[in-house]
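Here is what each chain is made of, one letter per residue.
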Amino acid sequence: MSHDGPAQSASPNKLVIRNIGLLLSGDLDHPILDADTVVARDGVIHIVGKEKDVDTAGATTTIDANGTALAPGLIDSHVHPVCGDWTPRQNQFGWIDSCLHGGVTTMVSAGEVHTPGRPKDIVGLKAMAIFAQRAFQSFRPGGVKVFAGAPVLEHGMLEEDFKELAAAGVKFLGEVGLGSVKDGVTGRRMVAWARKYGIQSTIHTGGPSIPGSSLIDKDMVLETDADVVGHINGGHTALPDDQIMALCERSPRALEIVHNGNERAGLLALRTAKELKQLHRVILGTDSPAGSGVQPLGILRMIAMLSSLGEIPAEIAICLATGNTAKMRSLNCGLIAAGREASFVFLDTAQQSAGKNLLDSIRKGDLPGVGMVVIDGAVSIQRSRNTPPATRVPEIVKS
Ligand SMILES: [Zn+2]
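Residues numbered from 1 in each chain as written. Predicted model: local features only at pLDDT ≥ 70, side-chain atom pairs only at ≥ 80, totals over all residues. Heavy atoms only, no water.

Draft legend 1. Inspection of empty space enclosed by the protein at higher detail. The final tally for this structure, using the stated rule, is 2 cavities of 30 Å³ or more. Here the second largest cavity is characterised by a volume of approximately 50 Å³. Tallied by class, residues from the lining of the second largest cavity come to 7 nonpolar, no polar and 2 charged. (1 Å grid on protein atoms, 1.4 Å probe; cavity = no way out; pocket = protein on both sides within 12 Å on 5 of 7 lines; lining within 4 Å. Points joined across faces, edges and corners; volume = space filled by probe spheres on them. Nonpolar A, V, L, I, M, F, W, Y, C, P; charged D, E, K, R; others polar.)

Spelled out as structure tokens, the structure:
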């Protein structure tokens, strides 16, 4: 298995994607763009437009989308990696590569909490976070970017520790509440220190998920004021409905719905956010690996579930897993727009779906077929081994 990141080539790389049937931008305000061509240079989107208006000459790689839909690569806002492409939770290899086949190109760690013998002293937890950040920066399963190195808060951490972690490249905290810090006052102080040094925080919301974690109710979430209300639908046990609604109403932070939570509670959070006209705060994760396993299609399943049962257009549901997450997590991916990372997933209606087109099929609850995934301007996979087969697939016509 070759899993390291793509080698940097000295010569400029021009990718042209043409004949796009539907361009899903990832932007909640403009989810569908009137364009059929995307040009990227050296892994960055350069132009999005109509083929007749775009300079497609000199491409090093040309992809004929064959009328399929192009969306930004999906982002899983909540994963628990450990080391390499292995998870001890289910003793499974290759789980990140499997998620790539579900269209995921970026993952955000909510803590490497499944690491056997995970250190809980402060020197140890900082060392582990820096190790994980470094390791996943240079080791990219199938090309997937994993933002790992998310330390779990323990009592005794000082402002200096957050400064040191930030200087070492740590960008995200592990879920607040998974370590010994379980009170709002201490949590709030540490979250504020992290924020001061540019480290984003997520709070574990709901019932306990792993031994040592405990119930985090709405008062603790509101008091801590972490940047992301992590799995608002529970991981695995959700808060009571009135508390979920109170968090949607009273917290200004991102509302994360996960696959490994309570589906009914996830739909309640979605509907509440929609009524409050706060859909831009809704982001999606899987919280895998977990007790219920690894879900390579977890993000696609969330998109289909929220669109079909939550009654939102499919193109909007896709924004929750792309542009919304990128904005809330300050990532330069998740949108098909000039200047963004050229990471894409090509989607088409699954074969034999009752839907009359891709968006209609998702709205009816079917999963789309993934025909190709591109990361940083390079083709990572062609037809997915995990989704139902797409009716049409793109083709590399020149490389
Ligand atoms: Zn989690």
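Now, onward.
Draft legend 2. Just the pattern of salt bridges, in detail. Inspection of every chain in the model, using the stated rule, returns 19 salt bridges. Measuring nitrogen to oxygen at the nearest pair gives 2.7 Å for the salt bridge that ties Lys-126 to Asp-161. One end of the pair, Lys-126, is in helix α2 (residues 122-138); the other, Asp-161, is in helix α3 (residues 159-167), with 35 residues separating them in the sequence. Asp-161 sits in the buried class, given a relative accessible area of 9%. The salt bridge involving Asp-241 is made with Arg-264; its shortest N-O contact spans 3.0 Å. (Salt bridge = Lys/Arg side-chain N within 4 Å of Asp/Glu carboxyl O. Helix = DSSP H or I, 4+ residues; strand = E, 2+ residues; numbered from the N terminus. Buried < 20%, exposed > 50% of the residue type's maximum accessible area, 1.4 Å probe, protein only.)

Draft legend 3. Representation of the sheet that holds strand β5 (residues 44-49). Judged by pairing direction, the sheet is mixed, and its 5 strands sit side by side in the order β5-β4-β1-β6-β20 without closing on themselves. With partners counted over all chains shown, the strands left at the sheet margins are β5 and β20 (395-398), one partner each. Here the strands of the sheet are splayed against their neighbours by 20 degrees on average, with no regard to which way each runs. Across 5 bridges, strand β4 (residues 37-41) lies against β5 in antiparallel orientation. The partner of Val-38 across the bridge, within β5, is Val-48. (Pairing = 2+ DSSP bridges. Axes fitted to C-alpha atoms, helices over the stretch in contact; angles between N-to-C directions.)

Draft legend 4. Expanded view of the coordination of the zinc ion. Distances from the zinc ion to its protein donors, His-78 (NE2), His-80 (NE2), Glu-175 (OE) and Asp-287 (OD), fall within 2.1 to 2.3 Å. Bound by 4 donor atoms, the zinc ion shows angles of 86 to 171 degrees at the metal and therefore irregular coordination geometry. Counting residues between consecutive donors of the zinc ion along the chain gives the motif H-x1-H-x94-E-x111-D. Taken together, the residues span a long stretch of sequence, with His-78 in strand β8 (residues 74-79) and Asp-287 in the loop between β16 (282-285) and α8 (298-309) at a distance of 209 residues. As far as the burial class goes, His-78 and Asp-287 line up, both buried. (Donors = N, O, S within 2.8 Å, 3.2 Å for Na, K, Ca; no water. Tetrahedral: all angles 85-135°; square planar, octahedral: opposite > 155°, others 65-115°.)

Draft legend 5. Seen up close, α8. Here α8 is 12 residues long and its end C-alpha atoms lie 16 Å apart, about the 16 Å a rise of 1.5 Å per residue gives. Summarising burial for α8: 10 of the 12 residues are buried, a large majority. The set of residues buried in α8 consists of Gly-298, Ile-299, Leu-300, Met-302, Ile-303, Ala-304, Met-305, Leu-306, Ser-307 and Ser-308. Just past α8, the residue Glu-311 takes up positive phi, approximately 55 degrees. (Expected span 1.5 Å × (residues − 1).)

Draft legend 6. Molecular detail of the sheet that holds strand β12 (residues 145-147). In spatial order, the strands read β8-β11-β12; together these 3 strands make up an open sheet with parallel pairing. The strands lining the two open edges of the sheet, one partner per strand, are β8 and β12. On average, adjacent strands in this sheet sit at an angle of 20 degrees to one another, irrespective of strand direction. Note that strand β11 (residues 104-109) and β12 share 3 bridges and pair parallel. Of the residues in β12, the one forming a bridge with Met-107 is Val-146.

Draft legend 7. How the structure looks around the pairing of β8. In terms of burial, β8 is largely enclosed, as 6 of its 6 residues are buried. As defined by bridge partners, β8 adjoins β11 across 4 bridges and the pair is classed as parallel. The residue of β11 that forms the bridge with Val-79 is Ser-109.

Draft legend 8. Structural view of α3. Those residues of α3 that fall on the buried side of the exposure criterion are Asp-161, Phe-162 and Leu-165. Each buried residue of α3 lies within a common arc of 95 degrees when the element is viewed along its axis, so the set occupies one face. Exposed side chains of α3 directed beyond 90 degrees from the buried face belong to Glu-160 and Ala-167. The elements touched by buried residues of α3 are α2 and α4 (184-196). (Arc of directions from axis to C-beta. Contact = heavy atoms within 4.5 Å.)

Draft legend 9. Local environment of the layout of surface pockets. Of the voids in this model, the second largest pocket is the one considered here, and its volume is about 240 Å³. For the second largest pocket, the full set of lining residues is Gln-133, Phe-136, Gln-137, Arg-140, Lys-145, Val-146, Phe-147, Ala-148, Gly-169, Val-170, Lys-171 and Phe-172. Per-class residue counts for the lining of the second largest pocket are 6 nonpolar, 3 polar and 3 charged.

Draft legend 10. Region of the structure containing the environment of Gly-234. For Gly-234, the location among the structural elements is in the loop between β14 (228-230) and α6 (241-250). Taking the C-alpha atoms as reference points, Gly-234 and Ala-265, 31 residues apart in sequence, are found 7.8 Å from one another. Other than its neighbours up to four places away in sequence, Gly-234 contacts Thr-205, Val-258, Asn-260, Gly-261 and Asn-262.

Draft legend 11. Expanded view of the side chain of Thr-224. By the element assignment, Thr-224 lies in helix α5 (residues 218-224). A distance of 2.8 Å separates a polar side-chain atom of Thr-224 from the backbone oxygen of Met-220. The contact partners of Thr-224, leaving out residues within four places of it in the chain, are Val-176, Gly-184, Gly-187, Arg-188, Val-191 and Ile-203. (Polar contact = N/O pair within 3.5 Å; in protein donor to acceptor, adjacent residues only side chain to side chain.)

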